[in-house]
Amino acid sequence: MDKDSKNAINELISNQKPQNELWKGTELFLWNASSTEEFINGIKNPHDVHLTTDAVWDVSKSKVRNIMDTLFNYEGYDNSTDLPHTKGNIADWLWENRVQPSIKLDKVKNYFKRIQTSKAPIELYGFYEEALEFQQQISTYIKKPIWQLNDLDITEINFQYCLKNVNSDIKKFLLNQIAKLYFPGRRFNIVKQNKRILSKLADHELHPYLKNFNDQIQSEGRSGGYIKDINRDVMLFLNWLVNNYASFNDFSPNAIPVWLIERDHILEFENYLKRCHSKGLYSEITVSNKFYCVISFFKYLYDNRIIPKNIGSIRGISAQRYLHRDIPNKDQLSDFFNTIARYSDDPEYDTAFFGSLLHLGLRFCEAERLNWEDINFQARIIKIRGKGKAGKPVPLHLPKKLYQYLESLYKVRTDEKSVFKGRQSKKVLYGKMLDKYKLYSLISGWTFPGGLHLFRHTFITKLSLRKNVHPQIIKRLARHTRLDTTSKYLHRQNQELNDAMQKIDSIWR
């Protein structure tokens, strides 16, 4: 669509502002947002009298309740449905559906049969993936199709070839076992290669308030890589201040009084980054990320009353960030939750955990923080402590199906304060649930990339597909502060995008 057409549609929408006082001062998606900017359901047939309807702005509590209760209608285990009479065993499933048909080396296959009952399912799956890679390496080395491999193809020469890239403990363990199977009594020097240690700023080089910011974002479950980026980019800004402003020349970057920094300093740093991009020093996305880290730091300072003004309240540098994701449909969600019911050793817990991620779009850190006192079963209200807002819980309606999941869990977990975390650390909980997600996804036939965050993408995308749901509702239910962020979670299949374009094109006919 050309620029004039976009401007015309923007003007058309702006002329149809709602009269409802609730929406005064709200914003629409920008036309240059990375995903679908304006939902097609808000556009009526061009022959109708009006192009938007008052229904788009209906945000009553009853409407939101109905949206949340009916958002997902998949068939899955709930407290009114009995668990399957025949419980499945994940190890048996892996043997029958993965090891038997895929592992062509008889000695390796027999090894899997022996350890089937002694290893945890996620360990078995890890060994299976490494065995597949081992077969692929042998096949490549001897130039023989995998399906034609047999035990006679494993020689000391090609086995040594497979020892060049041992990058995990599980791979090292499996190769040691394979060596015993094929070369009993022969010793091989199998050494795990250490991962490259990323350089990081020393603790004494960081600004004291940046250390405090590190503690907060670490408590939210952010990765070490993300924290490293924050430290690097904020210190880049502070060094830039010292080198470019006489008023900061007498300070070291890690000792600048942050209350002396003004909004104009941040805006000029934004211009500096843009100049770096125009010179080819940084890519568009790198410039955007660096500036976002800086304004996030100042937002933290303001939220914690360290600085008096919210000087970090700046729109930021736009960049193309959207990455399309396929979203599970109704049948695929049914398969996933039915897999939990059949194969989980703790179905109430697993169903409630993954159901919370799906029905409320919870981030992992939000699910991990959830306590039973945050849930009012009688009023069907749940309080969510969002990212960066541990002290400011957001009340949400508790969807009917999730209500059933949590009620079932509560009946067997009444002695726990925390809904999901219990006495384990955040890191242990994350690893455990990610492992379970991998296994349940495998059995369900899911091929979606990514991990637990897929459920949040699914929640927000499904909201956007509901008729007459305004972007502001989605933004609020997603607990985002910016619509630009919400737009990255909206995913459309090709046919849906084609239908949307046809509706937009029809305006001009």
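Here the structure is a predicted model, which is why all the values come from computation and not from measurement.

1. Some remarks on the overall build of the chain
And step 1. Within the chain, the regular secondary structure consists of 20 helices and 3 strands.
And step 2. Counting all 509 residues of the chain, 45% fall into the buried class.
And step 3. Within the chain, residue pairs in contact and separated by at least 24 positions form 68% of the contacts whose partners lie at least 6 positions apart.
And step 4. Summed over its atoms, the accessible surface of the chain is roughly 27,200 Å², and 48% of this surface lies on carbon and sulfur atoms.

2. Remarks on the nonpolar core
And step 1. Within the largest apolar cluster, 91 residues are counted, with the highest numbers of intra-cluster contacts made by Phe 354, Leu 406 and Phe 420.
And step 2. Here the element with the most residues in this core is helix α16 (residues 426-444); it accounts for 8 residues.
And step 3. Three or more residues apiece are contributed to this core by two domains, here domain 1 (90-182) and domain 3 (339-496).
And step 4. If we ignore the near neighbours within four places in the chain, the residues touching Phe 354 are Phe 336, Phe 337, Ile 340, Met 433, Lys 436, Tyr 437, Tyr 440, Leu 452 and Phe 455.
And step 5. Counting residues in each nonpolar core, the second largest holds 35 residues, with Leu 206, Cys 293, Phe 298 and Leu 301 among its members.

3. Description of unusual backbone geometry
And step 1. The residue Arg 305 is not glycine, and still its phi comes out positive at about 60°.
And step 2. Residue placement: Arg 305 occurs in the loop between α11 (284-303) and α12 (330-343).
And step 3. Of note, Arg 479 is a non-glycine position whose phi angle comes to about 60°, a positive value.
And step 4. Structurally, Arg 479 is set in the loop between α18 (471-478) and α19 (483-487).
And step 5. Judged by relative accessible area, which is 11%, Arg 479 ranks as buried.

4. Side note on the environment of Leu 210
And step 1. Among the secondary structure elements, Leu 210 is positioned in helix α8 (residues 208-219).
And step 2. Using a relative accessible area of 0% as the deciding quantity, one classes Leu 210 as buried.
And step 3. The sequence separation of Leu 210 and Asn 231 amounts to 21 residues, and the corresponding C-alpha distance is 7.1 Å.
And step 4. Setting aside its immediate chain neighbours within four residues, Leu 210 contacts Ile 230, Asn 231, Val 234, Met 235 and Phe 297.

5. Side note on empty space enclosed by the protein
And step 1. Tallying each qualifying case throughout the model produces 2 cavities of 30 Å³ or more.
And step 2. Roughly 70 Å³ of volume is contained in the largest cavity.
And step 3. Every residue along the wall of the largest cavity is listed here: Ala 91, Leu 94, Trp 95, Val 99, Phe 112, Gln 116, Leu 124, Tyr 125 and Tyr 128.
And step 4. Looking at the lining of the largest cavity, the elements with two or more residues in it are α3 (90-102) and α5 (121-142).
And step 5. Of all the elements, α3 adds the most residues to the lining of the largest cavity, at 4 residues.
And step 6. Looking at the lining of the largest cavity residue by residue, the classes come out as 8 nonpolar, 1 polar and no charged.
And step 7. For the second largest cavity, the calculated volume is near 50 Å³.
And step 8. Contributing to the lining of the second largest cavity are Glu 130, Glu 133, Phe 134, Gln 137, Lys 171, Leu 174, Leu 175 and Ile 178.
And step 9. Sorting the residues of the lining of the second largest cavity by element identifies α5 and α7 (169-182) as the ones contributing at least two each.

6. Concerning the sheet that holds strand β2 (residues 381-384)
And step 1. The strand order across the open sheet formed by 3 strands is β1-β2-β3, and the pairing between neighbours is antiparallel. Where the open sheet ends on each side, the last strands, each with one partner, are β1 (375-376) and β3 (394-397).
And step 2. When β2 meets β3, the two strands line up antiparallel, connected through 4 bridges. Bridging across to β3, Ile 384 finds its partner in Val 394.

7. A short note on the environment of Glu 284
And step 1. Here Glu 284 shows up in helix α11.
And step 2. The exposure class of Glu 284 is partly exposed, given its relative accessible area of 39%.
And step 3. Each C-alpha atom, one on Glu 284 and one on Ala 319, is 6.0 Å from the other, the two residues being 35 residues apart in sequence.

8. Some thoughts on helix α15 (residues 400-412)
And step 1. For α15, with 13 residues, the first-to-last C-alpha span of 19 Å sits near the 18 Å given by 1.5 Å per residue.
And step 2. Every buried residue belonging to α15 is among Lys 401, Leu 402, Gln 404, Tyr 405, Leu 406, Ser 408 and Leu 409, and all of these are buried.
And step 3. Residues of α15 that are buried make contact with α12, α13 (347-359), β1 and β2.

Reading the values: rules and limits
- Residues numbered from 1 in each chain as written.
- Predicted model: local features only at pLDDT ≥ 70, side-chain atom pairs only at ≥ 80, totals over all residues.
- Heavy atoms only, no water.
- Helix = DSSP H or I, 4+ residues; strand = E, 2+ residues; numbered from the N terminus.
- Buried < 20%, exposed > 50% of the residue type's maximum accessible area, 1.4 Å probe, protein only.
- Contact = heavy atoms within 4.5 Å.
- Areas by Shrake-Rupley, 256 points an atom, 1.4 Å probe, with all protein chains shown as cover.
- Core = buried A, V, L, I, M, F, W, Y, C linked by side-chain atoms within 4.5 Å.
- Domains from an automatic or database assignment.
- 1 Å grid on protein atoms, 1.4 Å probe; cavity = no way out; pocket = protein on both sides within 12 Å on 5 of 7 lines; lining within 4 Å.
- Points joined across faces, edges and corners; volume = space filled by probe spheres on them.
- Nonpolar A, V, L, I, M, F, W, Y, C, P; charged D, E, K, R; others polar.
- Pairing = 2+ DSSP bridges.
- Expected span 1.5 Å × (residues − 1).

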